[in-house]
Every structure is written in C-alpha cells, then in structure tokens.
Amino acid sequence: MGRAREKDPVEELLDDVESLIDDWFQAKLPFSLQGGLRWTPATDVYETADQYRVTMAVPGLDPDDFNIRFEGDVLRVRGIRRERGCEQRRYHKMEIPVGPFGRRIRLPRPIRAADVEVNYRDGLLEIILPKAGMGSIEVPIE
C-alpha cells in the first residue's frame, strides 16, 4: 500500500462536516433519494493496539447484499435488506427495516488494505482493519 498523503486541517474539517451532513440527512430523511426506506444499522467502532474493528448488526442479509469500500481514510459500508417472500402483505406492525442502508466511518490512521478481513456470521458484519505502521524516517537538511 502506498504512503497516504497527510491531510491539512481544512481538508479534515471539510471531511468531518461532510460526514455530519450525511449523518444528519440520513437521520432526518426516512427514505433514500433512489426510492425505498432508509435505515441505519447499529454499529460499534473501536481500536486495539494494532487494528480498528467495525461490527455492524445486519441480520437477514446475504453476503452479496453488501458493498464495502475503503477510500482514503473512510470506510463505506452499503447494503440492502430485501423483504422476504413476494406475496401481498398487510402489516399490522413493521419494525424490521428493509431497503438500502449506508454507513461512512472515518479512521484516524492509515490501514494495511491488503490485510483487511471481513466476516459475516450470526447477523453481525465484522470488518478488521489492521493499522499501517507509523514508521519514521530521518530527513536530511539540504
């Protein structure tokens, strides 16, 4: 993996603002602009000494229903939960969300993209992102 370019404070602020706006619109609009209801799966993000771990509660999906990308310092997880069965239904109560979802998670350090692991078991999507070494180099004065 190539060395990531350091972002200046303005770029970091703009990324944070974009993330907040995305989260706000997702919370305020119960539908996606492409049609269908929109929902947000419960997600835990934490780090250990050598990796970041993302665990997302998304029961009832197939592995093909996910799209997981890492761009720059942002992990994007998108997917869709489809309604099972095709017969006409008349709901009296509907609490299990269906339709598209998306999460955008900014990580504070570069990762080793080649070593990312993704597991989906028992309704939990787990993404393990190993941290890239933060090695140092000596820079000579010219």
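For the structure, check the block above.
Rules behind the numbers
- Each chain carries its own residue numbering, running from 1 in the written order of its sequence.
- Per-residue local features are limited, in this predicted model, to residues with pLDDT of at least 70; the limit for side-chain atom pairs, both in listing and counting, is 80 or more; totals at the level of whole chains, interfaces and linings are taken over all residues.
- To get the side-chain values, take all heavy atoms of the structure and skip hydrogens and water.
- Here a patch means residues that are over 30% exposed by relative accessible area and free of salt bridges, tied together within 9 Å if like-charged and within 5 Å if nonpolar (Val, Leu, Ile, Met, Phe, Trp, Tyr).
- Only the protein chains shown count as cover for residues, and the accessible areas themselves come from Shrake-Rupley with a 1.4 Å probe.
- In the sections that follow, a salt bridge refers to a side-chain nitrogen of Lys or Arg positioned within 4 Å of a carboxyl oxygen of Asp or Glu.
- Labels follow the DSSP assignment, with helices taken as runs of H or I lasting at least four residues and strands as runs of E lasting at least two, numbered in each case from the N terminus.
- One bridge is not enough; two strands pair if DSSP finds at least two bridges between them.
- For helices, the fitted line uses only the C-alpha atoms of the stretch in contact; every axis is such a line through C-alpha atoms, and the angle between N-to-C directions lies from 0 to 180 degrees.
- Partly exposed describes any residue whose relative accessible area lies between the buried limit of under 20% and the exposed limit of over 50%, with all areas from a 1.4 Å probe on protein chains only and scaled to the type maximum.
- Contacts are assigned to residue pairs with any non-hydrogen atoms lying within 4.5 Å of each other.
- We call a set of buried Ala, Val, Leu, Ile, Met, Phe, Trp, Tyr and Cys residues a nonpolar core when their side-chain atoms join them within 4.5 Å.

Enquirer: Explain a nonpolar patch on the surface residue by residue, including any values.
Expert: Together, I68, V116 and V118 make up a nonpolar patch on the protein surface, roughly 190 Å² of accessible area in all. Of note, I68 is situated in strand β3 (residues 66-71).

Enquirer: Which residues make up the sheet that holds strand β5 (residues 99-106), and what are the values?
Expert: With antiparallel pairing, three strands are arranged side by side in an open sheet as β3-β4-β5. With one partner strand each, in any of the chains shown, β3 and β5 form the two edges of the open sheet. Strand after strand, the sheet turns through a mean of 10° between neighbouring axes, direction not considered. Sheet analysis places strand β4 (residues 74-81) next to β5, joined by eight bridges and oriented antiparallel. When the sheet's bridge partners are listed, R81 is paired in β5 with G99.

Enquirer: Outline the side chain of T55, supporting the account with residue identities and numerical values.
Expert: Here T55 shows up in strand β2 (residues 51-57). A relative accessible area of 17% places T55 in the buried class. For T55, the contacting residues outside a window of four places in its chain are A42, T43, D44, L124, L125 and E126.

Enquirer: For the nonpolar core, give the residues involved together with the corresponding values.
Expert: V58, L75, V77, F101, L125, I127 and L129 are the most contacted members of the largest nonpolar core, which has 16 residues in total. Breaking this core down by element, the ones donating at least two residues are β2, β4, β5 and β7 (124-130). With residues up to four places along the chain from it excluded, the contact list for L129 reads Q51, Y52, V54, F70, L75, L107, I111 and V116.

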